[in-house]
Amino acid sequence: MDALTLLLAMPLAGGLTLGALGHRRVAQDINALFSLATLLAAAALTARVMGEGPFEAWGEWFFVDALNVFLVTLTAFVGFTTALFSRPYMRVECDHGKMTPGRMRLYHSMYQLFTGMMLVALTTNNLGILWVAMEAATLTTVLLVSVYRTAASLEAAWKYFILCGVGIAQALFGTILIYLAAERSIGGSDALLWTHLSTAKALLDPQVLTLAFVFLLIGYGTKVGLVPVHNWLPDAHAEGPTPISAVLSGLLLNVALYAVLRVKVLADGALQNGLPGHMMVGFGLLTVLAAAFFLMRQKDVKRMFAYSSIEHMGLMTFAFGMGGAVANFAGLLHMTVHALIKSAIFFAVGHAAQKAGSQAMEDIRGLLKLSPTVGWGLMLGSLAILGMPPFGVFASEFLILTSAMQSLPWATPVLLVALGVAFAAIFSRVQAMVFGDTELRPLAHPPALLPVFIHLGLGLMLGLYIPPFQTAWYRQAAAMLGG
Amino acid sequence: MNAHALLGQSINLCAVTLLVLAFAMIAQRRILTLIHLFTLQGLALVVATVLVAHLTGDHHLYFSAAITLVLKVVLIPILLHRVIDRLHVRWDVETLFNIPTTMLIGIVLVVFAFQLADPIASLSASIARGTLGIALACVLLSFLMMIVRAKAVPQVIGFLSMENGLFFAATAATSGMPMIVELGIAFDVLVGILILGVFMFQIREQFDSLDIRHLERLKDD
């Protein structure tokens, strides 16, 4: 079997196996094993794309190039480390009586299916299937957000379902419009294949594509978490189990942004006036600014970092909106480091919240005294996400700011203000949580610290040194995105 | 009038039926009647799809008409009926504020949708080109319904009715999406409605009511 088939088959097989098996002690290990197998398949796929260049598979159903293979690897990697983190975390949740065997079964099987759906969305060549997979990814996580069955989690899941459902319905309308525009020039069932659309993009009707892009940007933008359609995001992140917060924040948002990027390439080709880019710049800036100010008002630690995710997604949208080799490169780098570091933060936050028995920041105090590693993980992760050198976020934010100074000078002060506000908000809170005296209690199971520090280590490495193959990767993807 | 033109006119008639039903749903206070209206809307969609299929000779459209029939006229209404029976909300009447204002907003939305769709409609290769505006209007009206409703079941029906509008757009403006995509969408809708059903029971269990206003606790303060 080739790597792509394995990559897509592993999570699906995992989901079915874990669903059929029910909850046992080994279920957590099986979950991690399936994620590891997915990661290995992703690595093999990457090696193939690096060697042979982009290719289509299964007829023209799937398409792999530099842009999606990099996200595939990232998704599989974070999926695997999150599965590792979830072992001790969910064991504690079971001990606390928050998870029953039935819920654990749902959790594990949906975790695998969720990964699978994201991988389908990333590798499919068909814009219609991309939509179906995005919706399916929402459906697999919606019951996980409400898995604790508290009033707040039900509310969060309902909002998540309805808002994302409405958003993604807009995206479907956009997809239909693209199909309408392409039906004449390409014809038949090939008219939704991205490779065909991309070759014929100059022939697509600009008026239809403008409207289609507006719908697709708002639609998938809902899932990216762009302001003003971000309302579901903080709730879903705060009320679901922490491993789910980590994969939602680190992965799902990226996949949604990827969908926007794919259609932006088409719209750019058809319109030739840079309008898609301007729209993304506008939404991106608004998102960064609004999220920074919302950050200051948060009391719940997971909610705060959810807003930080919104802020960073805005920054990426802004970067890709500017376009050009440097900004696209920076956007891709930012996608990578944000996924790594934000999930590391959620891992640390998850353990901290379990020790405190609460997610309210005022209840979490003196982490360093009780467990220095979790404390340092949270501290370093926060510094990294706030753009402190030498972490990777610094490098990508620096690149985004310098290219903004060149192409959109007026936007630079806005970005700087937003980043400053976010820094003040997060740093002061994290400081209070990490230092000082403690009333926290130790946990029955040792925390999974390896994923936290692997992620932070990779984030650090990307700030100091990006391996040549990865640079080549980003360059190819950035060139494909154009500007 | 020849047969071809007659069929074209019938499609327009179906389109108008969809739109009128969308308006009727906004103004309807009884949950049971709302489900009947939704079933009717699904039926109008099936008829429209069959007509387009007959007119264009696209055989796969017959399949999508069959999927719609099974899903939106049979399965989902049955599920909804079972949900309202088990939750004992069959005879519930919702108090709606300001139906006239909502209707006026609805009319503005329809005008807006026609404006938006007008330049595109002329491009459409399909026979029923004027229908894209109606489809978009149905989507926006369902959206409006979701905003103004405070109970879970009507909100879900609004959501499903939005899906109807989108489906109609795909059938009327293009000649239907590729088969595999349609199957995927149908599957997502079915799973979605099952999950929403589960949710309604969970919400009921938690709050002893299906009022969405209970779900406004999470705010940024």
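Given the structure is predicted, the values throughout are model-derived calculations rather than measurements.

Moving on to the overall build of chain A. Per the secondary structure count, chain A includes 19 helices and two strands. Taking 2.2 N^0.38 as the reference for a compact globule, 483 residues should give roughly 23 Å; the C-alpha atoms of chain A span a radius of gyration of 21 Å, in line with that estimate. Sorting the 483 residues of chain A into buried and exposed places 67% on the buried side. Contacts in chain A between residues far apart in sequence, at least 24 positions, make up 81% of those at least 6 positions apart. Across chain A, the mean location of the 26 positive side-chain charges is 7 Å away from that of the 23 negative side-chain charges.

This next bit is on the environment of B:L132. Looking at where B:L132 falls in the secondary structure, it is placed in helix 5 (residues 131-148). In this structure B:L132 comes out as buried when scored by relative accessible area, which is 4%. Taking the C-alpha atoms as reference points, B:L132 and B:A170, 38 residues apart in sequence, are found 8.7 Å from one another. Those residues in contact with B:L132, other than ones at most four positions away along the chain, are A:F173, A:L177, A:L180, B:A117, B:I120, B:A169 and B:A173.

Quick look at the interface of chain B and chain A now. Listed per partner, the contact involves 49 residues of chain B and 52 residues of chain A. For the pair chain B and chain A, the summed buried area comes to about 4,500 Å², and 74% of that belongs to carbon and sulfur atoms. At the surface where chain B touches chain A, the tally comes to two residue pairs in polar contact (both at pLDDT 80 or more). Of all elements in the fold, only helix 4 (99-121), helix 5, helix 6 (152-173) and helix 7 (179-207) of chain B reach the threshold of two or more residues within the side of chain B that touches chain A.

Attention now moves to unusual backbone geometry. Residue and element names in this part refer to chain A. At the junction of V227 and P228, the peptide bond is cis and its omega measures out at 10 degrees in the coordinates. The topology assignment puts P228 in the loop between helix 8 (206-224) and helix 9 (232-239). Each neighbour pair has its own omega, and for P389 with P390 the value is 5 degrees, a cis peptide bond. Inspection of the secondary structure puts P390 in the loop between helix 15 (372-385) and helix 16 (392-407). The backbone of W58 sits at a positive phi, close to 55 degrees, despite the residue not being glycine. Assignment of secondary structure puts W58 in the loop between strand 1 (55-57) and strand 2 (62-64). Unusually for a residue other than glycine, R149 sits at a positive phi of about 60 degrees. Of note, R149 is situated in the loop between helix 5 (127-145) and helix 6 (151-185).

The next subject is the nonpolar core. Residues and elements named next belong to chain A. Of all hydrophobic cores here, the largest spans 256 residues; its most connected members are W158, L177, Y220, F305 and L378. No other element matches helix 6, which puts 22 residues into this core. Setting aside residues up to four positions removed in sequence, F305 forms contacts with K342, I345, F346, V349, L378, S382, I426 and V430.

As a further point, take the pattern of salt bridges. Residue and element names in this part refer to chain A. The tally for this structure, following the rule as stated, stands at nine salt bridges over all chains. For D65, the salt bridge identified is with R262, shortest N-O distance 3.0 Å. Of the two residues, D65 sits in the loop between strand 2 and helix 3 (66-95) while R262 sits in helix 10 (residues 242-271), which places them 197 residues apart along the sequence. We note that D65, like R262, is buried. Among the ionic pairs, K369 bridges to D437, the shortest N-O distance being 2.5 Å. Taken as a pair, K369 in helix 14 (residues 367-370) and D437 in the loop between helix 17 (411-434) and helix 18 (450-464) lie far apart in primary sequence, 68 residues in all.

In this section: helix 1 (residues 3-21) of chain A. Side chains that are three or four residues apart share a direction in an α-helix, a result of its 3.6 residues per turn. Residue and element names in this part refer to chain A. Here helix 1 contains 19 residues, and its C-alpha end-to-end distance of 26 Å stays within 8% of the 27 Å for a straight helix at 1.5 Å per residue. Maximal helix bending in helix 1 amounts to about 25 degrees, located at A9; proline P11 follows within four positions. If you check which residues of helix 1 are buried, you get A3, L4, T5, L7, L8, P11, G14, G15 and L18. Packed against the buried residues of helix 1 are helix 2 (27-52), strand 1, strand 2, helix 3 and helix 4 (101-123).

Residue and element names in this part refer to chain A. Among the eight residues that make up helix 9, eight are buried, leaving the element largely enclosed by the rest of the structure. Listed in full, the buried residues belonging to helix 9 are W232, L233, P234, D235, A236, H237, A238 and E239. Looking at the buried side of helix 9, the elements it contacts are helix 5, helix 6, helix 8, helix 10, helix 12 (301-322) and helix 13 (325-356).

Residue and element names in this part refer to chain A. What the rule picks out here adds up to 16 aromatic pairs over all chains. Seen in terms of ring centroids, F85 and F347 are 4.5 Å apart; in terms of plane orientation they differ by 25 degrees. Their pairing is stacked. Taken as a pair, F85 in helix 3 and F347 in helix 13 lie far apart in primary sequence, 262 residues in all. What makes F85 buried here is its relative accessible area of 0%. In this structure F347 comes out as buried when scored by relative accessible area, which is 0%. Its guanidinium or amino end placed over the ring of F55, R48 lies 3.7 Å from that ring's centre, counting from NZ or CZ. The aromatic ring of Y148 is capped on one face by K98, whose charged end is 5.0 Å from the ring centroid.

What follows concerns the confidence of the model for chain B. Residues and elements named next belong to chain B. In the predicted model, chain B carries a mean pLDDT of 84, and 95% of its residues have values of at least 70. Within chain B, no element has a lower average pLDDT than helix 7, which sits at 84, and none a higher one than helix 2 (residues 31-56), at 91. The complex prediction reports pTM at 0.93, with the ipTM value standing at 0.90.

Right, let's talk about a nonpolar patch on the surface for a bit. All names here are of chain B. A contiguous nonpolar patch, built from L40, L43, V47, L69, V70 and L75 and spanning about 460 Å² of accessible area, is present on the exposed surface. If you list the elements that add at least two residues to the nonpolar patch, you get helix 2 and helix 3 (60-86). Within the fold, L43 resides in helix 2. On the basis of relative accessible area, L43 is assigned to the partly exposed category, the value being 39%.

Tracing the backbone through its elements, the reader meets B:Q155 in helix 6. Those residues within four positions of B:Q155 in sequence are excluded, and the remaining contacts are A:W158, A:I162, B:M146, B:R149 and B:I212.

Here we take up the packing of helix 15 of chain A against helix 17 of chain A. Residues and elements named next belong to chain A. Contact geometry of helix 15 with helix 17 gives a least axis separation of 10 Å together with a crossing angle of 170 degrees. When the interaxial angle is binned, helix 15 and helix 17 end up roughly antiparallel. Residues G375, L378, M379, S382 and L383 of helix 15 form the contact with helix 17, whose own contacting residues are I426, F427, V430, M433 and V434.

Another point: the confidence of the model for chain A. Residues at a pLDDT of 70 or more form 99% of chain A, whose mean pLDDT is 90. Put simply, helix 14 of chain A is where chain A has its lowest mean pLDDT, 84, and helix 12 of chain A is where it has its highest, 94.

All names here are of chain A. For V301, the position within the fold is in helix 12. With 63 residues separating them along the chain, V301 and I364 place their C-alpha atoms 9.0 Å apart. Among all residues touching V301, those that are not within four sequence positions of it are V349, Q359, M361, I364 and M433.

Definitions and limits used
Residues numbered from 1 in each chain as written. Chains lettered and ligands numbered in written order. Predicted model: local features only at pLDDT ≥ 70, side-chain atom pairs only at ≥ 80, totals over all residues. Heavy atoms only, no water. Helix = DSSP H or I, 4+ residues; strand = E, 2+ residues; numbered from the N terminus. Rg over C-alpha atoms; globule rule 2.2 N^0.38 Å. Buried < 20%, exposed > 50% of the residue type's maximum accessible area, 1.4 Å probe, protein only. Contact = heavy atoms within 4.5 Å. Lys, Arg positive; Asp, Glu negative; His and termini not counted. Charge placed at Lys NZ, Arg CZ, Asp CG, Glu CD. Buried area = accessible area lost by both parts, 1.4 Å probe. Polar contact = N/O pair within 3.5 Å; in protein donor to acceptor, adjacent residues only side chain to side chain. Core = buried A, V, L, I, M, F, W, Y, C linked by side-chain atoms within 4.5 Å. Salt bridge = Lys/Arg side-chain N within 4 Å of Asp/Glu carboxyl O. Expected span 1.5 Å × (residues − 1). Bend = angle between axes of the 7 residues up to and from the residue. Phe/Tyr/Trp six-rings, centres within 6.5 Å; stacked < 30°, edge-to-face > 60°. Lys NZ or Arg CZ within 6 Å of the ring centre and 35° of its normal. pLDDT = per-residue confidence, 0-100. Patch = residues over 30% accessible without salt bridge, like charges linked within 9 Å, V, L, I, M, F, W, Y side chains within 5 Å. Areas by Shrake-Rupley, 256 points an atom, 1.4 Å probe, with all protein chains shown as cover. Axes fitted to C-alpha atoms, helices over the stretch in contact; angles between N-to-C directions. Parallel < 35°, antiparallel > 145°, perpendicular 65-115°, else oblique.

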